[in-house]
Number of protein chains: 2
Amino acid sequence: MEKIIDENEVEQVKLLAAINDDHEGAIVELSEPMHPEDFASMLRASIAHWRKQGKRGVWIKVPIELVNLVEAAVKEGFWYHHAEPKYLMLIYWIPEGTHTLPANASHRVGIGAFVMNEKREVLVVQEKNGILRGKGVWKFPTGTVDEGEDICAAAVREVKEETDIDAEFVEVLAFRQSHGEFFDKSDLCFICLLQPLSFDIQKQESEIDAAQWMPLDEYRAQPFVQKSEPLKYFFDLCLAKIDNKYSGFSPVPNTSNIPDEKGYLYVNSRYLSPPVRSGYHLPA
Amino acid sequence: MEKIIDENEVEQVKLLAAINDDHEGAIVELSEPMHPEDFASMLRASIAHWRKQGKRGVWIKVPIELVNLVEAAVKEGFWYHHAEPKYLMLIYWIPEGTHTLPANASHRVGIGAFVMNEKREVLVVQEKNGILRGKGVWKFPTGTVDEGEDICAAAVREVKEETDIDAEFVEVLAFRQSHGEFFDKSDLCFICLLQPLSFDIQKQESEIDAAQWMPLDEYRAQPFVQKSEPLKYFFDLCLAKIDNKYSGFSPVPNTSNIPDEKGYLYVNSRYLSPPVRSGYHLPA
């Protein structure tokens, strides 16, 4: 932390250590305990300093151990941007007018995995927790795509975790966007086709009550599926794909050298040159 | 708030008013100011009560006006789940072992809009803010999909806001997932094809420096595009689509009666029956 002498004050006021962002903003990461009143004075002095510098947005990351400093920042006009288990991110906007700070993450992302064996049976599970618990419903393995995780990797991981089946990712067949299931956030669910590489099921103890390979007709005949337009719709797309009458999006690793551009592009592989593997080939 | 008499205490302790969720959890929404010490006693009594009831997860929504109560909850073992500008959501897990509470929203979602006129010129803008400011780069209109907003609606809205062009959504041509641009969160960007319904550009004053219809070759020849594998890739998919050599995903409104299932499914429309409009038809 640097010290400055304000023109109008005789006493020295410490400033908060900040780094600059690409948008004329300042980012402060608190790590040392301090008294809330000392923090409030430093914050006031720092805002005056940043204002002179022409700064716009101010971000303060407060680890949960320093929760006693949050109230002081809110009293100085900061508000919440986002929070994770171990920290709270506060923001402040110095100029007049509406802020142009980026929005918080808005979507949860999930996958549903269609995996079929050589007998045209689909891999299904019964969940131990949640609203389907104890209802005898057989469903595709599903799960959450973690932050920082590729959709294609999440599908392979969830199938492995829930059933111990090794599988290779083939395509995103379709996706669904829905709203309001989780506070004010929205959900994106990607329906993924995976090719099994092993066939012996070992169910996950913690989350899965039962797992099996199930005849396609039996899956589709379940009242739970029959009552859900999206489930019927997606299942029929899976069957069309298996019969080579449908084409989804394949993941193409981004070959860019720019770190921000890593990850995958998902495109209709039927038009790719060189072609990406997109068929469903089961061992004879 | 109800009152209970604890077996071991003579004094009456108020409990926090809570509603139940579908996962044996309790949800508390604070709204009345109180002293942090009173809140801490009520919280301790409430947790004891919920524990007897067999409750698992506890959620406490604290509006920013009651920021002075956050520290007390953290001291009782609560941690942060998520935050929005006006509130902080705290959670606590009563049973032994690892919690199974749902993760926070993990992705920001954006769109890039390809809009072409009858002269085969693409709609492009120069941005006033951000890293491209003042660099003379012409790019597709882009923007953030708000929570609760459909991807197809966001694309139409952003084109209208930035250029005043009315347009109809046609298809999601491809999408990209990337990581680490925004703290630990991930990004999903959907490349959307829109059909223009009007052609006179009026640029947005607040965010856009300039907007125009630009010949396709001129767009692609920009060093900014040439240096970006995804941009070149996506642009070539747009051209293939225009020439009817590519097929993306069309939005299909979900006809389900279940509120949680509203929103859109996005599927390859080439295989839909009845067919969904997916061609690009410009006025002669």
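Keep in mind it's a predicted model, so treat the numbers as computed, not measured. Throughout this document, residue positions are counted from 1 along each chain, in the order its sequence is written. To label them, take the chains in the order written and letter them from A, then take the ligands in the order written and number them from 1. With pLDDT at 70 or above as the cut-off, local features in this predicted model cover only qualifying residues; side-chain atom pairs require 80 or more to be listed or tallied, and sums for whole chains, interfaces and linings still use all residues. Side-chain measures were taken over the full set of non-hydrogen atoms in the model, leaving aside hydrogen atoms and water.

Engineer: Explain the overall build of chain A here, please?
Structural biologist: Within chain A, the regular secondary structure consists of six helices and 15 strands. Accessibility here uses a 1.4 Å probe with only protein chains present; expressed as a share of the type maximum, an area under 20% marks a residue as buried, one over 50% as exposed, and anything in between as partly exposed. Residue burial in chain A is summarised as follows: out of 284 residues, 52% are buried. Only heavy atoms matter for contacts: two residues are in contact if any of them lie within 4.5 Å across the pair. Expressed as a percentage of contacts within chain A between residues at least 6 apart in sequence, the contacts between residues at least 24 apart total 62%. Accessible surface computed for chain A: about 13,200 Å², of which carbon and sulfur atoms make up 49%. Counting from the N terminus, the helices are DSSP H or I runs at least four residues long and the strands are E runs at least two residues long. For every accessible area listed, the method is Shrake-Rupley and the probe measures 1.4 Å; residues are considered covered only by the protein chains on display.

Engineer: Sorry if this is basic, but what is going on with the sheet that holds strand β5 (residues 57-63) of chain A here?
Structural biologist: Strand pairing within a sheet occurs via backbone hydrogen bonds; the two strands may be parallel or antiparallel. Residue and element names in this part refer to chain A. With mixed pairing, five strands are arranged side by side in an open sheet as β3-β4-β5-β7-β6. Single-partner strands in this sheet number two, and they are β3 (19-20) and β6 (79-84). Strand direction decides the pairing type here: β5 and strand β7 (residues 87-93), joined by seven bridges, are antiparallel. Within β7, the position partnered with W59 by the bridge is I91. Pairing between strands is defined by DSSP: at least two bridges between the two strands are required.

Engineer: Sorry, what's going on with helix α6 (residues 229-242) of chain A here?
Structural biologist: Because the α-helix completes a turn every 3.6 residues, residues three or four places apart line up on one side. The span expected for a helix works out to 1.5 Å for each residue beyond the first. For α6(A), built from 14 residues, the straight-helix expectation of 20 Å at 1.5 Å per residue is met to within 8% by its first-to-last C-alpha distance of 20 Å. Within α6(A), burial applies to A:P230, A:K232, A:F234, A:F235, A:L237, A:C238, A:K241 and A:I242. Residues of α6(A) that are buried in the fold lie against β8 (107-115), β11 (167-182), β12 (185-196), α4 (216-221) and α5 (223-226) of chain A together with β15 (264-268) of chain B. Counted as a polar contact is a pair of N or O atoms within 3.5 Å, where, for protein atoms, one must be capable of donating a hydrogen and the other of accepting one, and residues adjacent in sequence contribute only when both atoms are in side chains. With a side-chain oxygen positioned 3.2 Å from the backbone nitrogen of A:L231, the residue opening α6(A) is A:S228. Note on α6(A): the residue one or two positions beyond its end, A:N244, has a positive phi of about 65°.

Engineer: Would you mind showing me how to read the nonpolar core here?
Structural biologist: Side chains of a nonpolar character, in soluble globular proteins, are inclined to be buried together. Nine residue types can take part in a nonpolar core, namely buried Ala, Val, Leu, Ile, Met, Phe, Trp, Tyr and Cys, and a core is a set of them joined through side-chain atoms within 4.5 Å. Counting residues in each nonpolar core, the largest one holds 99 residues, and the members touching the most others are A:F114, A:F190, B:F114 and B:F190. Those residues in contact with B:F190 that sit more than four places away from it in its chain are A:F175, A:L188, A:F190, B:V109, B:G110, B:I111, B:G112, B:I151, B:V172, B:A174 and B:F175. Within the second largest apolar cluster, 58 residues are counted, among which are A:A72, A:A73, B:I47 and B:I94.

Engineer: Quick question: what am I supposed to make of unusual backbone geometry here?
Structural biologist: With glycine set apart, most residues show a phi of negative sign, and most peptide bonds adopt trans. Of note in this structure, A:E24 is not a glycine but carries a positive phi near 55°. Turning to its location among the elements, A:E24 is positioned in the loop between β3 and β4 (26-29). Positioned with a positive phi, B:N244 is a non-glycine residue whose angle comes to about 65°. Here B:N244 shows up in the loop between α6 (229-242) and β14 (249-253). You can call B:N244 exposed: its relative accessible area is 54%.

Engineer: Would you explain the packing of aromatic side chains in this entry?
Structural biologist: Note on aromatic pairs: the rings of Phe, Tyr and Trp (six-membered ring only in Trp) are paired at centre separations within 6.5 Å, and the planes decide the class, stacked below 30 degrees, edge-to-face beyond 60, tilted for the rest. If you walk through the whole model with that rule in mind, you get 26 aromatic pairs over all chains. Arranged with centres 5.0 Å apart and planes meeting at 25°, the rings of A:F78 and A:Y92 form a pair that is stacked. Of the two residues, A:F78 sits in the loop between α2 (70-75) and β6 while A:Y92 sits in strand β7, which places them 14 residues apart along the sequence. One exposure class covers both A:F78 and A:Y92, and it is buried. Pairing B:F114 with B:F140 gives two aromatic rings, centres 5.6 Å apart and planes at 65°, and the pair type is edge-to-face. Of this pair, B:F114 sits in strand β8 (residues 107-115) while B:F140 sits in the loop between β9 (121-127) and β10 (142-144), placing them 26 residues apart in sequence. Comparing B:F114 with B:F140 shows no difference in burial state: the two are buried.

Engineer: What am I meant to see in the UniProt feature "domain: Nudix hydrolase" (unreviewed entry) in chain A here?
Structural biologist: In this numbering, the UniProt entry assigns the feature "domain: Nudix hydrolase" (unreviewed entry) to residues 106-238 of chain A. The distance from the first to the last C-alpha atom of residues 106-238 of chain A is 28 Å, and the span holds 25% helix and 41% strand. UniProt positions are given in the numbering used here, feature names are shortened, and annotations may be inferred rather than shown by experiment.

Engineer: It is not clear to me how the domain arrangement of chain A should be interpreted in this structure. Could you clarify?
Structural biologist: For an interface, size is often stated in terms of accessible area lost upon the parts coming together. Segment limits for the domains were obtained from an automatic or database-derived domain assignment. Each assigned domain of chain A is listed here: domain 1 (7-93) and domain 2 (107-267). Once you take the C-alpha centre of each, domain 1 of chain A and domain 2 of chain A turn out to be 43 Å apart.

Engineer: Looking at this model, I keep getting lost on the sheet that holds strand β6 (residues 79-84) of chain B. Mind explaining?
Structural biologist: Residue and element names in this part refer to chain B. With respect to topology, five strands assemble into an open sheet ordered β3-β4-β5-β7-β6, the strand pairing being mixed. Whereas interior strands pair on both sides, the edge strands pair on one side only; in this sheet they are β3 (19-20) and β6. In this structure, β6 lies alongside strand β7 (residues 87-93), joined through five bridges in antiparallel fashion. In the sheet register, H82 faces β7, and the bridge partner there is M89. Sheet strands in contact with helix α1 (residues 36-53) are β4 (26-29), β5 (57-63) and β7, and its direction is about 155° off that of β5. The angle between two axes is taken between their N-to-C directions and runs from 0 to 180 degrees, where each axis is a line fitted to C-alpha atoms and a helix contributes only its stretch in contact.

Engineer: How should the pairing of strand β14 (residues 249-253) of chain A be read in this particular structure?
Structural biologist: Here is the key point about a regular strand: its side chains alternate between the two faces of the sheet. Residues and elements named next belong to chain A. Of all five residues that make up β14, four are buried, and the element is covered over most of its length. One ladder, built from five bridges, connects β14 with strand β15 (residues 264-268); its direction is antiparallel. The residue bridging P251 from the neighbouring strand is Y266, located in β15.

Engineer: Sorry, what's going on with the interface of chain A and chain B here?
Structural biologist: Each side of the interface is counted separately: chain A has 87 residues, and chain B has 86 residues. When two parts are put together, the accessible area they lose, computed with a 1.4 Å probe and summed over both, is reported as buried area. Here chain A packs against chain B, burying approximately 7,200 Å² in sum over the two surfaces, 62% of which is carbon and sulfur. For the chain A face of the interface with chain B, the top three residues by lost area are A:Y80, A:F175 and A:Y271, together amounting to 10%. Here, a salt bridge means any Lys or Arg side-chain nitrogen found within 4 Å of an Asp or Glu carboxyl oxygen. Summed over the shared surface of chain A and chain B, the number is six salt bridges. For A:R133, the salt bridge identified is with B:E24, shortest N-O distance 3.5 Å.

Engineer: How should I be thinking about the relation of the copies chain A and chain B in this particular structure?
Structural biologist: Alignment of copies: least-squares fit on C-alpha atoms of residues with pLDDT of at least 70 in both copies. If you rotate chain A by 180° and push it 0.0 Å along the axis, it lands on chain B with an RMSD of 0.1 Å. With respect to symmetry, the two chain copies, as superposed, fit the operation of a two-fold axis. Looking at chain A, 99% of its interface residues are interface residues in chain B too, so the copies touch through the same face.

Engineer: So what exactly am I meant to see when it comes to the state of the cysteines here?
Structural biologist: The bond known as a disulfide is covalent and runs between the sulfur atoms of two cysteines. By disulfide we mean two sulfur atoms from cysteines, separated by a distance within 2.5 Å. Per the counting criterion, the structure on display carries zero disulfides over all chains. Left without a disulfide partner, B:C189 is nearest to the cysteine sulfur of B:C192, which lies 7.8 Å away.

Engineer: Just checking my understanding: could you explain the side chain of B:D150 for this structure?
Structural biologist: Note that B:D150 resides in the loop between β10 and α3 (151-163). A polar side-chain atom of B:D150 sits 2.8 Å from a polar atom in the side chain of A:H179.

Engineer: I would appreciate a short explanation of the pairing of β6(B) in the present structure.
Structural biologist: Where burial is concerned, most of β6(B) is hidden: five out of the six residues are buried. Adjacent in sequence and paired antiparallel, β6(B) and β7(B) are bridged by two residues.

Engineer: Would you mind going over the confidence of the model for chain A with me for this structure?
Structural biologist: In low-pLDDT segments, the atomic positions of the prediction should not be examined closely. Confidence along chain A averages 89 in pLDDT terms, with 90% of residues attaining 70 or more. Under the prediction, the complex receives an ipTM of 0.86, its pTM being 0.87. A residue's pLDDT is simply how confident the predictor is in it, with values from 0 to 100.

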